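Examination of the molecular architecture
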Amino acid sequence: MSQSSINLRHLRVFTAVVSSGSLVTASKLLHITLSAVSKSLKELEQELGVQLLVRGRKGVRFTEAGEAFHKHAAQTLASFNQAMDPTRVDTQAPQLLRVGALPTAAGYMLAPVVAQMRERYPQVRVQVLSGVYDFLVGKLRTHDIDLIVGRLIGRDMLGVAFEALYEEDLLLVVRHDHPLAKREHLVLDDLLPYVLLASPQGTLVRISVDNFLLSSGAASGFQMLESLSETFSRVYLQDYDAVWFVQRGVVDLDLRLGVVRALPFASPLLRAPVGLTTPTDRPLSEAARHFIQLLRDWRAR
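The following refers to the structure shown. Quick caveat: nothing in here was measured; it's all calculated off a predicted structure.

**Observations regarding unusual backbone geometry**
At H31, a residue that is not glycine, the phi angle is positive and equals roughly 60°. Following the sequence through the fold, H31 ends up in the loop between α2 (23-30) and α3 (34-48).

**Considering the packing of aromatic side chains**
Summed over all chains, the structure comprises 5 aromatic pairs. Measuring from ring centre to ring centre gives 6.5 Å for F212 and F265, while their planes differ by 80°; the resulting arrangement is edge-to-face. In this pair, F212 is assigned in helix α8 (residues 204-215) and F265 in the loop between β10 (260-262) and β11 (271-279), connecting sequence segments 53 residues apart. Each member of the pair F212 and F265 is classed as buried. An aromatic cluster is present here, built from F232, Y236 and Y240 joined pairwise through their rings.

**Comments concerning the pairing of strand β2 (residues 59-62)**
In terms of strand pairing, strand β1 (residues 53-56) meets β2 through 4 bridges, oriented antiparallel. Its bridge partner lying in β2, V54 is registered against R61. Counting the residues between successive antiparallel strands, the hairpin from β1 to β2 contains 2 residues.

**What about the nonpolar core?**
By size, the foremost hydrophobic cluster in this structure holds 23 residues, and its most contacted members are L97, M109, V149, F291 and L295. Elements with a contribution of two residues or more to this core: β3 (95-101), α6 (110-120), β5 (147-151), β6 (160-175), β11 and α11 (286-300). Not counting the four nearest positions on each side in its chain, F291 is found in contact with L97, V99, L110, V113, V114, M117, L147 and V149. Counting 21 residues, the second largest nonpolar core, distinct from the first, contains L186, Y194, L196 and L213.

Conventions used here
- Residues numbered from 1 in each chain as written.
- Predicted model: local features only at pLDDT ≥ 70, side-chain atom pairs only at ≥ 80, totals over all residues.
- Heavy atoms only, no water.
- Helix = DSSP H or I, 4+ residues; strand = E, 2+ residues; numbered from the N terminus.
- Phe/Tyr/Trp six-rings, centres within 6.5 Å; stacked < 30°, edge-to-face > 60°.
- Buried < 20%, exposed > 50% of the residue type's maximum accessible area, 1.4 Å probe, protein only.
- Pairing = 2+ DSSP bridges.
- Core = buried A, V, L, I, M, F, W, Y, C linked by side-chain atoms within 4.5 Å.
- Contact = heavy atoms within 4.5 Å.

In short, geometric facts, not functional conclusions.
Have a look at this one:
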């Protein structure tokens, strides 16, 4: 048999046997005789020069060559079926872009960039998964997401690369009618009567907070309340006279709505780079490359 004799019949028989687990069941599914199934498999294996399947009492199983060939056969049939579907002619297959978002980016830069992505590349379906860094980087390494947008974490960078896009402020915010909300000039000692909401010790945000407090020579005795929950911090901030050390991106919408006010504190110690984290063990998809370019364009504005 010449190579050109391998046709869709051979691929359909092979994939039917694999999916059903037996030659008998495949023959029933394809409405052909058992001998026709056996003949097609024999022709295919003879042409390829390898054994694809091992027949046993419990059905069939792959050989190593059969498993590799099955991937290509399934893809070929899928492409052929799509080409023959008149409802899909001249349409572009949808692409999936999975973006991991740290809270600082999810509430600030991500929404306008995703909106641009949907407008310019309507064939791309975007999924956004938010969470802490350790969770997201695990998803990145297992190929469950394509990239991460957010602050530089600075630890466990094996297999990933970080590109800075901009620097973000760590703010001290209060509810809009807090006693300190309308003060134009403050010193850190003015915060002593109030609970300070901050991330737990050991987190990068908390390290920035502690360094800021120490470098400013403020009195000791601050009332610290540790929280990693944005929901809890928002509620506590509104119901009590608390001050929240928080990344600007997390409260950007709250600031725009006038729900909270930023106190007049600023320091280089309260700034950190925000950017994108990408894998180094595989090439980026076309959709991911388009998205990254939109992120860079957003930064340049």
